[in-house]
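Examination of the molecular architecture
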2 protein chains.
Amino acid sequence: MNNDSSSRIVAGLSEWIATAAPGAKLPSTRTLVARYGASPVTVQKALRTLVAQGSVESRPGVGTFVRAVRVARPNDYGWQTAALGTPPHRIPQLSTALRTFPNDVIALHSGYPDRDLLPERLVRAAFTRAARGDAAVSRPPSAGLPELQAWFATELGSAMPVGVAPPAPSDVVVVPGSQSGLNSAFRAVVGEGRPLLVESPTYWGAILAAASAGVRVVPVPSGADGPDPDELARAFEQTGARAFYAQPNFANPTGARWAPDLAARVLDTVSRHGAFLIEDDWAHDFGIAADPVPIAARDDSGHIIYLRSLTKSVSPAVRIAAIVARGPARERILADAQAESMYVSGMLQAVALDVVTQPAWRTHLRNLRQQLAARRDLLVDALREHVPAARLEALPQGGLNLWVRLPDATDLPRLVRDCESAGVLIAPGGEWFPAEPTGAYLRLNYSGPNPGAFPDGARVIGQALAAQ
Amino acid sequence: MNNDSSSRIVAGLSEWIATAAPGAKLPSTRTLVARYGASPVTVQKALRTLVAQGSVESRPGVGTFVRAVRVARPNDYGWQTAALGTPPHRIPQLSTALRTFPNDVIALHSGYPDRDLLPERLVRAAFTRAARGDAAVSRPPSAGLPELQAWFATELGSAMPVGVAPPAPSDVVVVPGSQSGLNSAFRAVVGEGRPLLVESPTYWGAILAAASAGVRVVPVPSGADGPDPDELARAFEQTGARAFYAQPNFANPTGARWAPDLAARVLDTVSRHGAFLIEDDWAHDFGIAADPVPIAARDDSGHIIYLRSLTKSVSPAVRIAAIVARGPARERILADAQAESMYVSGMLQAVALDVVTQPAWRTHLRNLRQQLAARRDLLVDALREHVPAARLEALPQGGLNLWVRLPDATDLPRLVRDCESAGVLIAPGGEWFPAEPTGAYLRLNYSGPNPGAFPDGARVIGQALAAQ
């Protein structure tokens, strides 16, 4: 028998081994002799080759077995880089605000309210109830549970003065969280390569979604009073943009709340340019001194795409948001949301609706307001005492964050590192700027765990700053 | 007092009215006289103007009130069309398969298993349990709950023969349903404007996702035996594509399951072209005569992007899927998924993991297999009896659908209409073709409600066909 015959058996068995379970027994020598029409010597030679290759092991007197030990070898996925090519637009890293953290640090960096601030009892009860209902095993319509669409439409409609036509339930598209909503709105209303005006600084999740959607972001200077309306008008004229993304109430990170006069000017500018205001009402449930009235309550002409999320105020597990839009814009957004996720879990929709329609939800929001006020004031006082160099342009009347300016010479990366070494997590402000940061800012969140440690946290920041 | 003074009051009050609640009472005439420094006559004139404009109503002896009646007027959102421009790529309509339907029809069109086929008790118990746990109020890492990542990695790894390195839990990205997974994979691995090879016919949700991602779809002929490997190789060469999307086990709609030989050839072709196979293992839990082994179990070289969904087999409310990928491809997919949805509800992840790790899940899958076999055979027999002109190229060994060819001259839209009038919903095959349909096909789903009515449904189809 020649060498070829042995190779043929090796090839045949290798194919079999490739799909065999570890430990599987190979056919006996006698069977292989018959199957391949080869001599026992040739079959033995083939088996020895397979043993040498490491794919089988021989147990004398028992048989030959597919090796149960997995092969460990270094990965080489370099070829993928050629297949993938250069990404058309770089997606930024996830923000510091999304980092998870151990229990023993003082966390001023997070963007999510602590569990203490959630309506935990309501959420658990709603899940338990919904587990018994239809929502646990059925599929809702693509645009959302009709009852939840109606709730969102009514909430916005009830803030509208007479003379402004309220949205219909069918104007509401339920989406699986506000991040998905931003992506759908940017893709559907702006589109790849086209300009989108944004406040600077603005929410980092929106910067991320814009990058992901391939939208060209154009920064409009903003601050404690909201965006500069003259710069906004100029940006519309210079870029031909047809959309402006903003957070008119308690903007993240600045805390800005637009005065009625600014709201009117922005809306006028947007309308004059035949454009959309994409209003992200992220802090609707986080008013402290004031109840936020959406700018969308002033408009029924289809110029405002209104985004309202429940995730942060109900529970991070209940990823539910809604986009309220009218006309063709609503059609485009719905088509994008459907292509992206088909429909949103009816269970999460049922739970969200259950929570926000309980009388205890109103009570919860009232308590939340007091807690946020106390936490904000505690952190502000601690900063005044321990970080005198920090400047707070305005006391936010809602939201979850302080936007603090440090002296221009501050080495921010070093400050963040030094604070982290001392057990205090803070978020450098650069992540909230769509282009270059205009100063050394920190975003300090006062909704994290253990507010009693705020003074300690501020002391650490102050010491780290003084050490520079 | 001159006219200007009255206009000034009208303007001032209009601004106030614009943000006032319906039914709010205007300040008294005396107050307005003082505030505007105007005579009572001028104030009255201003109020009459507002009444005439319809924004307030006067109740003599009581006061003037913001009108509670909403203005009804036709919408004009025509300006939006200019702002939105032409969509860069048309997103197709949602499929017939997603239509909801009344109880009294015979539904052979749906893509979702009937509630009878779901592990309803397990799902409800899992939600009830999870409602008491951490998942209800906490936020999981972006790539997924580590335990669920590990479960997906182990499931795929356990199908791998020795010599193939199993995936690590960190190779798994949990996504909110397979539709989101397809979108992320297409955006991250293929990218806007680049070619993606797909079977023809193929899953309509993939055609939708490809359109949404702006990917250029290139059809590769496929049928009851899977794709034509020569055409696949040619398509790679001609287009320079670096990715092929396919469903190797119980493809939707054809039911095809790739023979080992075809699987090896496809994998070889894909590797030779430095490309990716995006394997959609949608029917992993729907094997009837055979247990599906993913093609991904043959590969550790990073050539396969493996998509595994639990939504259809666990519950439509538990929108959970996973992508298993290695190397830079996994990084790109994770970055896209994060930018799109930040993270997936930990509640849904906890429930999915709970269900699939219960011993009763295995029992459920065994029962499901028997039910699917019985339903499939019932529908096949009914078609043989009542629709003799229908040709079934092969009996599917898994999945939820029959792919039936009708005589070429069939007027398919008329057939669908006629059947619907007679209370039978069927899905025309055209929706599953990325380009032109190559024949008059129907996709008939045997996992819908009330299988006892399958013979009646087949009779209606047969009669409608005979009437043509």
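Residue and element names in this part refer to chain B. Along the chain, D354 turns up in helix α13 (residues 346–356). Judged by its relative accessible area of 13%, D354 is buried. Along the primary structure D354 and R187 are separated by 167 residues, whereas in three dimensions their C-alpha atoms are 31 Å apart. Setting aside residues no more than four positions away along its own chain, D354 makes contact with A126 and R129. Polar contacts involving the side chain of D354 include one to the side chain of R129, which spans 2.7 Å.

All names here are of chain A. Domain annotation of chain A identifies domain 1 (2–66), domain 2 (96–116 + 361–466) and domain 3 (120–358). Listed by partner, the interface residues are 31 residues for domain 2 and 34 residues for domain 3. Counting the surface lost from both domain 2 and domain 3, the interface buries some 2800 Å², and carbon and sulfur atoms represent 65% of this. One salt bridge connects R115 with E120, and the closest N-O pair in it is separated by 3.9 Å. At the junction of domain 2 and domain 3, the tally comes to nine residue pairs in polar contact (both at pLDDT 80 or more). Of all the elements, helix α14 (residues 359–386) adds the most residues to the side of domain 2 that touches domain 3, at nine residues. Counted by class, the side of domain 2 that touches domain 3 contains 18 nonpolar, six polar and seven charged residues.

Quick look at the confidence of the model for chain A now. For chain A, per-residue confidence averages 92 on the pLDDT scale, and residues scoring 70 or more make up 96% of the total. Interface confidence for the predicted complex, expressed as ipTM, amounts to 0.85; the pTM equals 0.86.

All right, on to the sheet that holds strand β11 (residues 321–324) of chain B then. Residue and element names in this part refer to chain B. Here we have eight strands laid out as an open sheet, ordered β4-β11-β10-β9-β8-β5-β6-β7, and mixed in their pairing. In this open sheet, the two edge strands, each paired with only one partner strand, are β4 (172–175) and β7 (226–227). Sheet topology note: the strand β5 (residues 195–200)/strand β6 (residues 216–223) ladder contains six bridges and is parallel. Across the sheet, residue S200 finds its bridge partner in β6, namely P221. Across the face of the sheet, helix α7 (residues 178–190) comes into contact with β4, β5, β8 (243–246), β9 (276–280), β10 (304–309) and β11 while running at roughly 165° to β10.

So, on to the side chain of T269 of chain B. Relative to the assigned elements, T269 of chain B resides in helix α10 (residues 260–272). Excluding residues that lie within four positions of it along the chain, T269 of chain B makes contacts with L232, A233 and F236 of chain B.

With that settled, consider the nonpolar core. Counting 192 residues, the largest nonpolar core has F127 of chain A together with F127 of chain B as its most contacted members. Apart from the residues lying within four places of it in its own chain, the contact partners of F127 of chain B are F127, A131, A136 and M347 of chain A together with V318, M347, L348 and V351 of chain B.

Across its 13 residues, helix α5 (residues 120–132) of chain A extends 19 Å between first and last C-alpha, which sits within 8% of the 18 Å expected from 1.5 Å per residue. Among the residues of α5 of chain A, those classed as buried are L122, V123, R124, A126, F127, A130 and A131 of chain A. Considering only its buried residues, α5 of chain A is in contact with α11 (311–314), α13 (346–356) and α14 of chain A together with α5 (120–132) and α13 of chain B.

Structurally, T410 of chain B is set in the loop between β13 (401–406) and α15 (412–421). Residues contacting T410 of chain B, with those up to four places away along its chain left out, are L415, A440, L465 and Q468 of chain B.

Attention now goes to the pairing of strand β13 (residues 401–406) of chain A. All names here are of chain A. Burial within β13 is extensive, with six of its six residues counted as buried. Of the two faces of β13, the one lined by N401, W403 and R405 and the one lined by L402, V404 and L406 are each fully buried. Inspection of the sheet shows strand β12 (residues 391–392) paired to β13 by two bridges, in the antiparallel sense. Bridge assignment links L392 to a residue of β13, and that residue is V404.

So, on to the packing of α7 of chain B against helix α8 (residues 204–213) of chain B. All names here are of chain B. Where α7 contacts α8, the axes come no closer than 9 Å and their chain directions differ by 45°. Classified by the angle their axes make, α7 and α8 are oblique. The two elements α7 and α8 meet at a crossing, and its hand is right-handed. Of α8, the residues touching α7 (which contributes Q179, L182, N183, F186 and R187) are G205, A206, L208, A209, A210, S212 and A213.

Inspection of every chain in the model, using the stated rule, returns 23 aromatic pairs over all chains. Centre to centre, the rings of Y112 of chain A and Y343 of chain B are 6.1 Å apart; their planes meet at 75°, and the pair counts as edge-to-face. Here Y112 of chain A, found in the loop between β3 (106–107) and α5, pairs with Y343 of chain B, found in the loop between α12 (328–341) and α13, and the two come from separate chains. Ring geometry for F244 of chain A against W258 of chain A: centres 6.4 Å apart, planes inclined by 10°, an arrangement best described as stacked. You can see F244 of chain A sitting in strand β8 (residues 243–246) and its partner W258 of chain A sitting in the loop between β8 and α10 (260–272), a full 14 residues away along the chain. Across the pair, W258 of chain A and F244 of chain A agree in class, each one buried. Feature note: the residues W403, W432, F433 and Y441 of chain A constitute an aromatic cluster, connected by ring pairs. Positioned above the aromatic ring of F65 of chain B, the side-chain terminus of R59 of chain B is 4.0 Å from the ring centre.

Cut-offs applied
Residues numbered from 1 in each chain as written. Chains lettered and ligands numbered in written order. Predicted model: local features only at pLDDT ≥ 70, side-chain atom pairs only at ≥ 80, totals over all residues. Heavy atoms only, no water. Helix = DSSP H or I, 4+ residues; strand = E, 2+ residues; numbered from the N terminus. Buried < 20%, exposed > 50% of the residue type's maximum accessible area, 1.4 Å probe, protein only. Contact = heavy atoms within 4.5 Å. Polar contact = N/O pair within 3.5 Å; in protein donor to acceptor, adjacent residues only side chain to side chain. Domains from an automatic or database assignment. Buried area = accessible area lost by both parts, 1.4 Å probe. Salt bridge = Lys/Arg side-chain N within 4 Å of Asp/Glu carboxyl O. Nonpolar A, V, L, I, M, F, W, Y, C, P; charged D, E, K, R; others polar. pLDDT = per-residue confidence, 0-100. Pairing = 2+ DSSP bridges. Axes fitted to C-alpha atoms, helices over the stretch in contact; angles between N-to-C directions. Core = buried A, V, L, I, M, F, W, Y, C linked by side-chain atoms within 4.5 Å. Expected span 1.5 Å × (residues − 1). Parallel < 35°, antiparallel > 145°, perpendicular 65-115°, else oblique. Left-handed = near helix turned anticlockwise from the far one by under 90°. Phe/Tyr/Trp six-rings, centres within 6.5 Å; stacked < 30°, edge-to-face > 60°. Lys NZ or Arg CZ within 6 Å of the ring centre and 35° of its normal.

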